[in-house]
Amino acid sequence: MSSEERKLRKDRSTGPFSSLYEAFKAGTISRRQFLERSTALGVAGGVAIFCANARDIAASGSRNGWAMYAGSQGGPAKAPDSGTEGQQRGAGGDLRIVQWQAATTAGAHTGTGTKDSLAASLVSEPLMNYLPDGSLIPNLVTEVPSVENGLLTEDLKTVTFNLLEGVTWSDGEPFTANDVVFTWKWVTNAANASTSVGVWNVLENVEARDERTVVATYKTPSAAWFEPFTGVFASACIYPAHIFGNDPNNKNDAFLINPIGTGPYVVESFQPNAEIVYVANEAYREPNKPFFARVIISGGGDAAAAARSVLE
C-alpha cells in the first residue's frame, strides 16, 4: 500500500462521521444529538440508526443479536396509537399520494424498488415492525421473540413466533402458521424470481408447529434473525397460501395486480405504471382503522413533474 493510500484510509477512518460516532460511544453526546448531527452530515437515516443501535446493544450486553426491544427501553411494545382515540374507520376521506415512479406491481416479493414496496405495504404485512429508532414491535405476533422470553435460542439459530388469534385475510380466510411456511417456500423457489430471496435464504427451515405457532431455523447463527420477518418494506411480508393453492410453484401473476393481505387496505383498481386505488379493508383487525377511506397512489414522468403535481 502506498503512502497516499494509507493517508486516504486514515482520513476516511477519522472523518467527521467517525469522530461523531466516537463521541457518541464515549457518552459526550446523546443519541438524539448523534442522529441529528449524522443527518446534518448527509448520513442516511438507516445507517445512523444502525450505528446508534450497535452501540446501545454492545453496551447492554444483549443476548439477542442485533435486536432492540421497545418495551425494555421504557417505550410501548406495540404500534403507537396516540391520537386515534375515538377515531372512525374511513373518516379521513381520500388520501392522494404522488410519486415520481408509478408502481408496476403490488406483489410484495416481486417489487423492484420503493415504488412497488409502497404499493404492496398497504395490503401485505410482516410479522413484526420497526419503530423509528429501529426497535422491534409485534404486528401479526403476540410478542417479539427474545432469549429471555424463551422464543429465541441462545445460539441465535431458532426462533418461535406465536401468531395473533383471530387475524383474517381480506377475503375472510384465517391467517395461520401455514401462510408463513408457504411464504418462505414461495420466496426461495427460484422459478418465482422473487426479489426477496436474499433476505429469506438465510433460513434452513420454517415449520408450523400448530395453526398459531411458527418455528424458523437458520442455516447459521444469525444476529439479524428478525430481518426476514420485520418491516413494511415488502421483503418481509407474508403471502396467503390459499390464494396460491398452497403451491409454491404457482407464480400467480394475477396476485401481483390484486393481492390479498391482512393489511388495512384492499386494491380497488390498478393501472400498472399509472395509478393504484385502495379502499379500506373491512376485515381489518383494528375496527377504528384505517383512517382514510381510500388511498390513491399515482406516478410516472419525472421527479420535477411529480413535485409540481404535489404543489398544485
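Once a new chain begins, its residue numbering starts again from 1 and follows that chain's sequence as written. Selection of residues for local features in this predicted model requires a pLDDT of at least 70, selection of side-chain atom pairs for listing and counting requires 80 or more, and totals for whole chains, interfaces and linings are taken over all residues. For side-chain calculations, the full set of non-hydrogen atoms in the structure is used, while hydrogens and water are omitted.

**Q** How should the overall build of the chain be read in this particular structure?
**A** Think of it this way: any DSSP run of H or I at least four residues long counts as a helix, any run of E at least two long counts as a strand, and we number them from the N terminus. Regarding its fold elements, the chain presents nine helices and nine strands. Along the first, second and third principal axes, the C-alpha atoms of the chain reach 60 × 55 × 45 Å. Any residue under 20% of the maximum accessible area for its type is buried, any over 50% is exposed, and the rest in between are partly exposed; the area is computed with a 1.4 Å probe on protein chains only. Looking at the chain residue by residue over its 312 residues, the buried ones come to 43%. Contacts are assigned to residue pairs that have any heavy atoms within 4.5 Å of one another. Contacts in the chain between residues at least 24 apart in sequence constitute 62% of all its contacts with a sequence separation of at least 6. Shrake-Rupley sampling with a 1.4 Å probe provides the accessible areas, and residues are treated as covered by the protein chains on show and by no other component. With an accessible surface of roughly 15300 Å², the chain has 53% of that area assigned to carbon and sulfur atoms. Each charge class in the chain can be summarised by its mean position, and for the 25 positive and 33 negative side chains these summaries are 9 Å apart. Charged residues are defined here as Lys and Arg on the positive side and Asp and Glu on the negative side; His and the ends of the chain fall outside this count. By convention, the charge on Lys lies at NZ, on Arg at CZ, on Asp at CG and on Glu at CD.

**Q** Explanation requested: the sheet that holds strand S6 (residues 213–218) in the structure shown.
**A** Two modes of strand pairing occur in sheets, parallel and antiparallel, and in both the strands are linked by backbone hydrogen bonds. Strand pairing is assigned whenever DSSP detects at least two bridges linking the two strands. Strand order in this open sheet of three strands is S4-S6-S5, and the pairing throughout is antiparallel. Two strands in the sheet have a free side with no partner beyond their single neighbour: strand S4 (158–162) and strand S5 (203–210). Across the sheet, the axes of successive neighbouring strands diverge by a mean angle of 20°, strand direction being ignored. Alignment of S5 against S6, held across six bridges, turns out to be antiparallel. Across the sheet, the residue bridging to Asp210 is Thr213, located in S6. Simply put, an axis is a line fit to the C-alpha atoms, just over the touching stretch for a helix, and the angle between two N-to-C directions goes from 0 to 180 degrees. On top of the sheet, helix H6 (residues 177–187) reaches S5 and S6; it is set at about 160° to S5, its chief contact.

**Q** Looking at this model, I keep getting lost on the packing of helix H2 (residues 16–26) against helix H3 (residues 31–40). Mind explaining?
**A** In a packed pair of helices, the relevant descriptors are the angle between the two axes and the axis-to-axis distance. Contact geometry for H2 and H3: axes closest at 10 Å, N-to-C directions at 175°. On the basis of their axis angle, the class for H2 and H3 is roughly antiparallel. Here Phe17, Leu20, Tyr21 and Phe24 of H2 lie close against H3, whose contacting residues are Arg31, Phe34, Arg37 and Ser38. Its residues assigned to classes, the contact of H2 with H3 shows five nonpolar, one polar and two charged. Any angle between 65 and 115 degrees counts as roughly perpendicular, while under 35 counts as roughly parallel, over 145 as roughly antiparallel, and the rest as oblique. Residues are sorted three ways: Asp, Glu, Lys and Arg are charged, Ala, Val, Leu, Ile, Met, Phe, Trp, Tyr, Cys and Pro are nonpolar, and all the rest, Gly among them, are polar.

**Q** What's the story with H6 in this structure? I'm lost.
**A** Given 3.6 residues to a turn, an α-helix orients residues that are three or four positions apart in the same direction. A large share of H6 lies buried, amounting to nine of its 11 residues. Buried within H6 we find Ala177, Asp179, Val180, Val181, Phe182, Thr183, Trp184, Trp186 and Val187.

By themselves, these are just geometric observations and shouldn't be taken as functional.
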